[in-house]
Amino acid sequence: WLVRSLDQLYAQAFLVRDTFIRLVATISRIHKGMLRVRTAPPEAPRFASWDGRDESLAGFELGGLKSIASLKVKLDCCYNGEVWRVLDACRETLYFETVRDMTECLEGITQDPGLEIVRVKSTMDPDHPPDADGGLWAGMRFVSVSVRMVGSEEAIRLCAETHVCELMLVLTDIAKVQTQAMKDAYKDWRRCKRLLLSCTSALKWAAPFAPSLFG
């Protein structure tokens with residue numbers, strides 16, 4: 001199960017992408033989830049349920065694969081080059097009108113025998129902000145579910161059933177107020193924060209060797 005290279009990780013993500021999208025679309029139909037409509041303008045996003053037809057998936061803005069450049073930055077700044085720690089190379093988002101619908105979807109995912117839950121991360125509790133991401137959380141409210149499609153015949157056939165995919169659960173009210181400028185600003189902030197964290201880590205490592213400078 002241990003992924004040892006970025007090439008291996010990305011190859012697996014590419015192989016399972018279509019299967020994962022189909023899975024997410026199916027989950028959306030069962031649990032009142034919605035996908036972002038592709039033709040909607042960024043300043044006025046619209047969301048709709050999938051009608052079950054494969055050809056209609058082209059009408060949605062699907063997440064797909066994380067860029068290799070983003071993966072390299074994440075590996076260098078956050079994971080010390082440990083590729084197996086990356087859980088979002090293949091990712092998708094479902095949107096919900098209510099917290100109740102989101103909760104019921106999460107419960108349904110955890111009870112699906114064809115899925116292995118690797119991690120569930122929630123930032124929905126305002127009194128307990130997450131700190132597992134090294135201080136890189138900027139206030140976005142969501143639930144992230146990392147899964148392996150261990151029961152998928154297609155994933156097994158492709159020898160990629162152990163690949164971890166990420167499904168984000170987000171409220172439509174939150175998604176509607178996000179602008180492209182906000183997303184771009186967040187990316188810039190996160191890039192700078194990761195660099196600062198890397199510098200801090202390097203200074204802590206070097207401190208014992210230079211007591212006169214860091215004492």
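Up top is the structure these notes are about.
Just so we're clear, the structure is a prediction, and the values are computed from it rather than from any experiment.

Quick notes on the rules
- Residues numbered from 1 in each chain as written.
- Predicted model: local features only at pLDDT ≥ 70, side-chain atom pairs only at ≥ 80, totals over all residues.
- Heavy atoms only, no water.
- Pairing = 2+ DSSP bridges.
- Helix = DSSP H or I, 4+ residues; strand = E, 2+ residues; numbered from the N terminus.
- Axes fitted to C-alpha atoms, helices over the stretch in contact; angles between N-to-C directions.
- Contact = heavy atoms within 4.5 Å.
- Salt bridge = Lys/Arg side-chain N within 4 Å of Asp/Glu carboxyl O.
- Buried < 20%, exposed > 50% of the residue type's maximum accessible area, 1.4 Å probe, protein only.
- Arc of directions from axis to C-beta.
- Polar contact = N/O pair within 3.5 Å; in protein donor to acceptor, adjacent residues only side chain to side chain.
- Expected span 1.5 Å × (residues − 1).

(A) Local environment of the sheet that holds strand β4 (residues 116-122). As summarised here, the arrangement of the four strands in space is β3-β6-β5-β4, forming an open sheet in which the pairing is mixed. Strands with a single pairing partner mark the edges of an open sheet, and in this sheet they are β3 (91-96) and β4. Within the sheet, the average angular offset between the axes of one strand and its neighbour, ignoring direction, is 20 degrees. Taken together, the six bridges between strand β5 (residues 143-148) and strand β6 (residues 164-171) define a ladder with antiparallel strand orientation. Across the sheet, residue Val-143 finds its bridge partner in β6, namely Leu-169. The sheet strands contacting helix α3 (residues 99-110) are β3, β4, β5 and β6, and the helix crosses β6 at an angle near 160 degrees.

(B) Representation of the pattern of salt bridges in the model. Taken as a whole, this structure holds eleven salt bridges when the rule is applied. Among the salt bridges present, the one from Arg-53 reaches Asp-51, with a minimum N-O distance of 2.9 Å. Here Arg-53 falls in the partly exposed class, since its relative accessible area comes to 42%. Note on Asp-51: relative accessible area 39%, which makes it partly exposed. Where Asp-88 meets Lys-66, a salt bridge forms, and the shortest distance between an N and an O atom there is 3.2 Å.

(C) Quick peek at helix α2 (residues 68-77). Within the span of α2, buried status applies to Leu-71, Lys-74 and Leu-75. Axial view of α2: buried residues confined to an arc of 100 degrees, hence all on one face. Those residues of α2 that are exposed and angled more than 90 degrees off the buried face are Ala-69 and Asp-76.

(D) Local environment of the side chain of Ser-56. Topologically, Ser-56 is positioned in the loop between β2 (47-48) and α2. One polar contact links Ser-56 to Asp-51, side chain to side chain, over a distance of 2.7 Å. In this structure Ser-56 touches Trp-50 and Asp-51, once residues within four positions along its chain are discounted.

(E) Structural context of the environment of Ser-122. Its location among the elements puts Ser-122 in strand β4. When the C-alpha positions of Ser-122 and Phe-142 are compared, they lie 6.0 Å apart, and in sequence the two are 20 residues distant. Aside from chain neighbours lying at most four places away, what touches Ser-122 is Phe-142 and Val-143. For Ser-122, the side chain forms a polar contact with the main-chain nitrogen of Met-124, separated by 3.2 Å.

(F) Main features of α3. Taking 1.5 Å per residue, twelve residues should reach 16 Å; α3 reaches 17 Å between its end C-alpha atoms and fits that length. Contacts made by the buried residues of α3 are with α1 (6-30), β3, β4, β5 and β6.

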